[in-house]
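Notes for the structure review
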Amino acid sequence: MIALGDSDVARFAVTRTPLRGMSRRFVPGEGVGDLVDAIRAANAQGMSATGNYLGESVKTEEAARQAADTYVDVMDRITRGGLAANVSVKFSQLGQAISESFLTDNLAPILERSRRDGTFVRFDMESSAYTQRTLDAFEKLWAEGWRRNIGVVLQAYLHRTAGDVARMNQLGARVRLCKGAYDEPASIAYKERDEVGANFIRLMRELLDGGTYPGIATHDERMIEATLEHATRNDVRPERFEFQMLFGVRRDLQQQLIRDGWNVRVYVPFGEQWYPYLMRRLAERPANLLFLAGSVVRESPLGVLLGSHDRSTRKP
Ligand code: FDA
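Here goes a summary of the coordinates provided.

**What to know about the overall build of the chain**
- Helices and strands together make up the secondary structure of the chain, namely twelve helices and eight strands.
- Within the chain, the proportion of its 316 residues that are buried is 50%.
- Of all intrachain contacts in the chain linking residues separated by at least 6 positions in sequence, the fraction that spans at least 24 positions is 72%.
- A total of about 14600 Å² of accessible surface is found on the chain, and carbon and sulfur atoms cover 52% of it.

The structure is reproduced here in structure tokens:
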């Protein structure tokens, strides 16, 4: 599924067919207005949010500038609407592939907004080809004084991450910890689910004990239980960290944590470039393919004939 995320043929098949409807489960829409509506709904349910404009590996200056403009627009809407939300950006979307100096210039308006309005900016972590460059760029901005405004993401599947957590804790930087969503080689990454989980728990403890308002980003109940257990046993109060989950994934768990008094932030992606994101979500949970197959049948002429297009029969 991850490889299909890069395939033009598969992209064509998915974006030009009823499969497109499937993306609505994970992406509320293509426009900034769709994002704002989803953030408002999350806030109404007691959750904060982070908005992500979908897009990666941008190769032209025009596209990278357009992405930066969109983020500025999103940040303005967050401020004007008084929303409990921040933004998550990808360096490869903002022009890292063009040059580091272009990236720095393109980030400037986003960081300025963040200084003006206090909206936090998280740098998502991409494949291992970008890890060191992303952390270098982050540390450069940190040294330039953007500290309170910015945060980074670290991936528990990478062998190197224990060192990166120690470094970020030493700086006092805000870290989002996730398992990692890319297909990395065994030479640099844990491949077994249990190994990734064990490393996640080790790193989560380091972050809760010595980090700065970490984001524990997972839907894995074992990871969440380990976090709650560590927090409770060591008196790490709810205001010292937050759980983070993806829009449309384990809404039951999101609400349960809120009811129990923990902070939850929902990651809300939006935009036209939903296809590679959808492929990563399908890769994480093959059962989603059944949901996808169901939506194809329902929306096909045969499904319509059989009356199975009735949306009330859809699973949530
Ligand atoms: P795991 O994949 O083991 O899933 C545990 C359970 O969660 C499943 O059994 C299922 O019930 C549910 N679940 C998980 N994924 C699902 C899905 N797609 N559909 C339905 N149910 C699902 N990665 C990265 O490399 N860089 C980044 O910057 C980020 N950022 C990020 C932000 C946030 C807020 C989250 C939650 C995740 C990320 N990720 C990420 C993705 C992350 O690395 C990882 O791929 C996914 O979170 C899936 O891992 P889990 O920890 O949820 O466990």
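So that's the structure; there's more coming.
**Some words on the site of the ligand**
- Around the ligand sit 27 residues in total, of which G180, R193, T218, H219 and E284 are the nearest.
- In this structure, A181 approaches the ligand through a main-chain N or O atom, which is 3.0 Å from an oxygen atom.
- Within the side chain of H219, a nitrogen or oxygen atom sits 2.7 Å from an oxygen atom of the ligand.
- Elements with a minimum of two residues in the shell around the ligand: β4 (150-155), β5 (174-178), β7 (242-246) and α10 (275-284).
- Sorting elements by how many residues they give to the shell around the ligand places β7 first, with three residues.
- Partitioning the shell around the ligand into residue classes produces eleven nonpolar, six polar and ten charged.

**Points about the side chain of T161**
- Assignment of secondary structure puts T161 in helix α6 (residues 161-171).
- A relative accessible area of 1% means that T161 is categorised as buried.
- Excluding residues that lie within four positions of it along the chain, T161 makes contacts with L154, Q155 and L203.

**Focus on the sheet that holds β4**
- Ordered by their spatial adjacency, eight strands build a closed barrel running β1-β2-β3-β4-β5-β6-β7-β8, and the pairing between neighbours is parallel. Strand-to-strand, the axes of this sheet are offset by a mean angle of 25°, without reference to chain direction.
- Contacting β5 and β6 (215-217), helix α7 (residues 193-210) crosses the sheet at an angle of about 160° to β5.

Definitions and cut-offs
- The residue numbers shown here count from 1 along each chain, following its written sequence.
- Only residues with pLDDT of 70 or above have their local features reported here, since the model is predicted, and side-chain atom pairs are shown and tallied only from 80 upward, although totals for entire chains, interfaces and linings are computed over all residues.
- Water and hydrogen atoms were dropped before computing side-chain values, which therefore reflect all heavy atoms in the structure.
- Numbering of helices and strands starts at the N terminus; helices are DSSP runs of H or I of at least 4 residues and strands are runs of E of at least 2.
- The classification of residues rests on relative accessible area computed with a 1.4 Å probe and restricted to protein chains. Under 20% of the type maximum is buried, over 50% is exposed, and intermediate values are partly exposed.
- Between two residues, a contact is recorded if the distance between any of their heavy atoms is within 4.5 Å.
- For the area figures, the Shrake-Rupley method with a 1.4 Å probe applies, and any residue is considered shielded solely by the protein chains shown.
- When at least one non-hydrogen atom of a residue lies within 4 Å of a molecule or strand, that residue is treated as near it.
- For the purposes of these results, a polar contact is taken to be a pair of N or O atoms within 3.5 Å, where, inside protein, one atom must be able to donate a hydrogen and its partner to accept one; residues adjacent in sequence count only when each atom of the pair is a side-chain atom.
- Asp, Glu, Lys and Arg are counted as charged, while Ala, Val, Leu, Ile, Met, Phe, Trp, Tyr, Cys and Pro are counted as nonpolar; the rest, among them Gly, fall into the polar class.
- What makes two strands pair is DSSP finding at least two bridges between them.
- Inter-axis angles, ranging from 0 to 180 degrees, are taken between N-to-C directions of lines fitted to C-alpha atoms, where helices are fitted over the stretch in contact.

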